[in-house]
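Structural overview
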Amino acid sequence: MGYDPETLRQWDREHVWHPFTQMQGFREETPLIISRGEGIYLYDLQGNRYLDGVSSLWANLHGHRRRELDRALLAQLEQVAHSTLLGIAHPPAILLARRLVSLAPAGLNKVFFSDNGSTAVEVALKVAFQFWRNRGRGRKQRFLKLSGAYHGDTLGAVSVGGIPLFHEIYQPLLFDTLEAPAPYCYRCGHRENCREQCLIRLEELVAAHCQELAAVIVEPVMQGAAGMIAQPPGYLAKVREVTRRYDVLLIADEVAVGFGRTGKMFACEHEGVSPDLLCLAKGITGGYLPLAATLATDGVYQAFLGEYEEFKTFFHGHTYSGNPLGAAVGLASLDIFAQDRVIEGLAAKIDLLAGRLAAMAEHPHVGDIRQRGLMVGLELVADKGSREPFPLKRRTGHRVILAARQLGAILRPLGDVIVLLPPLCITPEELGTLCDITIAAIDRGAAGA
Ligand SMILES: *Cc1c(COP(=O)(O)O)cnc(C)c1O
């Protein structure tokens, strides 16, 4: 775009307020400005190449500038860039809804589109709340979440969040929720039977409050922003069993784990679970455009049917809900899944990654490694024996990702948890390179500690 890098850096410092970023320190660093992508690589203004180790914030699946996706976008542009779903329809949304239903866990037959992960969650929360009102059971209006939960940054999503650093300050603005302990086995205190202890507590809470609980919301299989907290096998299935038994809806937030990330199309499949509401975003367009969907069962949907003047309508919608460009690319992304047999091809990469991670576990500052598919958290610690974390101020995770950048990979940590979340299309060789860079960066970032 015709501007020299130094001018752009200066204007970035002057005008852009970056998300989740302390701007004071950031302005003193040299910002990385990405101008181009190709496959799993991103290029900065000088042409330096970086492996996109976190899929451009957990969204990219099939690589940047993927021919089929580019073409689908251009083809839709030749039809119409945007037309609303409020009261009228367009082909890409209709076709994508049908495809999502055919792939999603059984029973999820209705698709409500929006435009990002937070809105997908807001929709699920409001639908769950109104579902019980519409059925004359308005006392059921509370939500149960897990500690460490992350469901987005709008206020409803923050209310069901469980990360004090992000969420606590907004407490006066939030609705009241119940919180069950997440099975964070590395730090939960009762390591021997973490899963059982957590499930007992969850069931106690659901049983005690079932008359007032609208829904339980979980990130199935892996809690992402909490630091890649992997749930032990059997955990999710039990949550489904408990919510069924006590007549409470289950909201599965698959914004991060959906679309192949954990090795299956949807994470709920690992446990044979069908939730009542399913939230999708991030990977839904292969990482191209903002789009989201909240899937619901027929039972949930039917509670909203009635005469107009009964006011059972779901009065909710966003200007760009189900945008045709996003929906067209979403369809093309699902075509790639089918044509390239993406899910089938993942198993070998996941195994290879597991092998490399096992070797990385030997590192003196790698305390715990949590992997589900191509979704990994490496928790760095100052002392492996005592599991003592690094001092906060040291910003070890941040040091590591700066070192990785010098070595040719873009990573983004969650505190001192190093996240590896490459595009699904990464090759075994490239996965090896990502692991090589990561361990070298950990060496450098933890050096002198
Ligand atoms: C990223 C994320 C969200 C929020 O999505 P946005 O598109 O950033 O609003 C919600 N839930 C989970 C599990 C996420 O990882």
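Small disclaimer: the values here were computed from a predicted structure and weren't measured. (Residues numbered from 1 in each chain as written. Predicted model: local features only at pLDDT ≥ 70, side-chain atom pairs only at ≥ 80, totals over all residues. Heavy atoms only, no water.)

Quick look at the overall build of the protein chain now. Helix and strand counts for the protein chain come out as 15 helices and 16 strands. A compact globule built from 449 residues would reach a C-alpha radius of gyration of about 22 Å, and the protein chain, at 22 Å, matches this within 12%. With the C-alpha coordinates of the protein chain rotated into their principal frame, the extents come out at 65 × 60 × 45 Å. Relative to its 449 residues, the protein chain shows a buried fraction of 52%. Restricting the contact set of the protein chain to residue pairs at least 6 apart, pairs at least 24 apart contribute 70%. (Helix = DSSP H or I, 4+ residues; strand = E, 2+ residues; numbered from the N terminus. Rg over C-alpha atoms; globule rule 2.2 N^0.38 Å. Buried < 20%, exposed > 50% of the residue type's maximum accessible area, 1.4 Å probe, protein only. Contact = heavy atoms within 4.5 Å.)

If you check helix α9 (residues 194–209), its first and last C-alpha atoms are 23 Å apart, about what 16 residues at 1.5 Å a residue would give, namely 22 Å. The elements touched by buried residues of α9 are β5 (142–146), β6 (178–180), β7 (213–218) and α10 (235–245). (Expected span 1.5 Å × (residues − 1).)

Another aspect to go through is the pattern of salt bridges. The full count for this structure, using the stated rule, is 22 salt bridges. Among the ionic pairs, Glu344 bridges to Arg341, the shortest N-O distance being 3.6 Å. Several salt bridges share partner residues, and in doing so they unite Arg187, Asp368, Arg370 and Glu379 into one network. (Salt bridge = Lys/Arg side-chain N within 4 Å of Asp/Glu carboxyl O.)

The subject of this paragraph is the site of the ligand. The environment of the ligand is made up of Trp58, Asn116, Gly117, Ser118, Tyr150, His151, Gly152, Glu219, Asp253, Val255, Ala256 and Lys282. Between Asn116 and the ligand, the recorded distance is 3.2 Å, taken from a side-chain N or O atom to an oxygen atom. In the environment of the ligand, an oxygen atom lies 2.8 Å from a nitrogen or oxygen atom belonging to the backbone of Gly117. Broken down by class, the residue content of the shell around the ligand amounts to four nonpolar, five polar and three charged. (Near = heavy atom within 4 Å. Polar contact = N/O pair within 3.5 Å; in protein donor to acceptor, adjacent residues only side chain to side chain. Nonpolar A, V, L, I, M, F, W, Y, C, P; charged D, E, K, R; others polar.)

Turning next to the packing of aromatic side chains. On inspection of all chains with the given rule, the structure shows nine aromatic pairs. Ring-pair connections join several aromatic residues into one group, and the members of that group are Phe20, Tyr150 and Phe166. Lying across the ring of Trp132, Lys140 places its NZ or CZ 4.5 Å from the centre. (Phe/Tyr/Trp six-rings, centres within 6.5 Å; stacked < 30°, edge-to-face > 60°. Lys NZ or Arg CZ within 6 Å of the ring centre and 35° of its normal.)

For the rest of this paragraph, the subject is the side chain of Arg370. Its place among the elements puts Arg370 in strand β13 (residues 366–371). A polar contact is formed between the side chain of Arg370 and the side chain of Asp368, at a distance of 2.7 Å. Apart from residues no more than four positions distant in its own chain, Arg370 is found in contact with Tyr184, Tyr186, Met222, Gly227, Met228, Ile229, Ala230, Met375, Val376, Gly377, Glu379 and Val417.

Attention now moves to unusual backbone geometry. Unusually for a residue other than glycine, Phe20 sits at a positive phi of about 50 degrees. With respect to the element layout, Phe20 can be found in the loop between α1 (5–15) and α2 (23–26). Although it is not a glycine, Phe311 sits at a positive phi angle of roughly 55 degrees. Note on placement: Phe311 falls in the loop between α11 (298–302) and α12 (324–339).

This paragraph deals with the packing of helix α14 (residues 396–407) against helix α15 (residues 428–446). The N-to-C vectors of α14 and α15 enclose an angle of 130 degrees; their axes lie 8 Å apart at closest approach. Viewed along their axes, α14 and α15 adopt a mutual orientation that is oblique. Classified by chirality, the crossing of α15 by α14 is right-handed. Two secondary-structure elements touch here, α14 through Thr396, Arg399, Val400, Ala403, Ala404, Gln406 and Leu407 and α15 through Ile437, Ala440, Ala441, Ile442, Arg444, Gly445 and Ala446. Tallied by class, residues from the contact of α14 with α15 come to nine nonpolar, three polar and two charged. (Axes fitted to C-alpha atoms, helices over the stretch in contact; angles between N-to-C directions. Parallel < 35°, antiparallel > 145°, perpendicular 65-115°, else oblique. Left-handed = near helix turned anticlockwise from the far one by under 90°.)

A few words on the domain arrangement of the protein chain. Assigned domains of the protein chain: these are domain 1 (32–62 + 341–445) and domain 2 (70–339). Between domain 1 and domain 2, the C-alpha centre-to-centre distance is 26 Å. Contacts between the two partners involve 33 residues from domain 1, matched on the other side by 33 residues from domain 2. Summed over both sides, the interface between domain 1 and domain 2 buries roughly 2700 Å², with carbon and sulfur atoms accounting for 61% of that surface. Broken down residue by residue, the surface that domain 1 buries against domain 2 is led by Arg372, Met375 and Arg387, which jointly contribute 27%. At the junction of domain 1 with domain 2, the criterion picks out one salt bridge. Our enumeration of links across domain 1 and domain 2 arrives at 17 residue pairs in polar contact (both at pLDDT 80 or more). At the level of secondary structure, the elements contributing two or more residues to the side of domain 1 that touches domain 2 comprise α3 (55–58), α13 (342–360), β13, β14 (376–380) and β16 (417–420). Split by residue class, the side of domain 1 that touches domain 2 holds 20 nonpolar, seven polar and six charged. (Domains from an automatic or database assignment. Buried area = accessible area lost by both parts, 1.4 Å probe.)

The biggest cluster of nonpolar side chains holds 83 residues, and the ones touching the most others in it are Leu100, Leu144, Leu202, Phe259 and Leu378. Ignoring sequence-local partners within four residues, the contact set of Leu378 consists of Leu357, Met360, Val366, Asp368, Ile369, Asp416, Val417, Ile418, Leu420, Thr438 and Ile442. Counting 27 residues, the second largest nonpolar core, distinct from the first, contains Val123, Ala214, Leu277 and Val300. (Core = buried A, V, L, I, M, F, W, Y, C linked by side-chain atoms within 4.5 Å.)

Bringing the environment of Leu291 into the picture now. Mapping Leu291 onto the fold places it in the loop between β11 (277–280) and β12 (292–297). Leu291 sits 104 residues away from Arg395 along the chain, and the two C-alpha atoms are 33 Å apart. Setting aside residues no more than four positions away along its own chain, Leu291 makes contact with Leu96, Ser114, Asp115, Asn116, Ala281, Ile284, Thr285, Gly322, Asn323, Gly326 and Ala327.

Below, the discussion takes up the sheet that holds strand β10 (residues 249–253). Strands sit in the order β4-β12-β11-β10-β7-β5-β6 across an open sheet of seven strands; the sheet is mixed. Edge strands, defined here as strands with exactly one partner in the open sheet, are β4 (108–114) and β6. In this sheet, neighbouring strand axes are inclined to one another by 20 degrees on average, regardless of whether the strands run parallel or antiparallel. Two elements, β4 and β12, share six bridges in a ladder whose sense is antiparallel. Residue pairing for β12: Lys110 is matched across the bridge by Ala296. Lying on the sheet, helix α5 (residues 91–103) is in contact with β4, β11 and β12; it crosses β4 at an angle near 135 degrees. (Pairing = 2+ DSSP bridges.)

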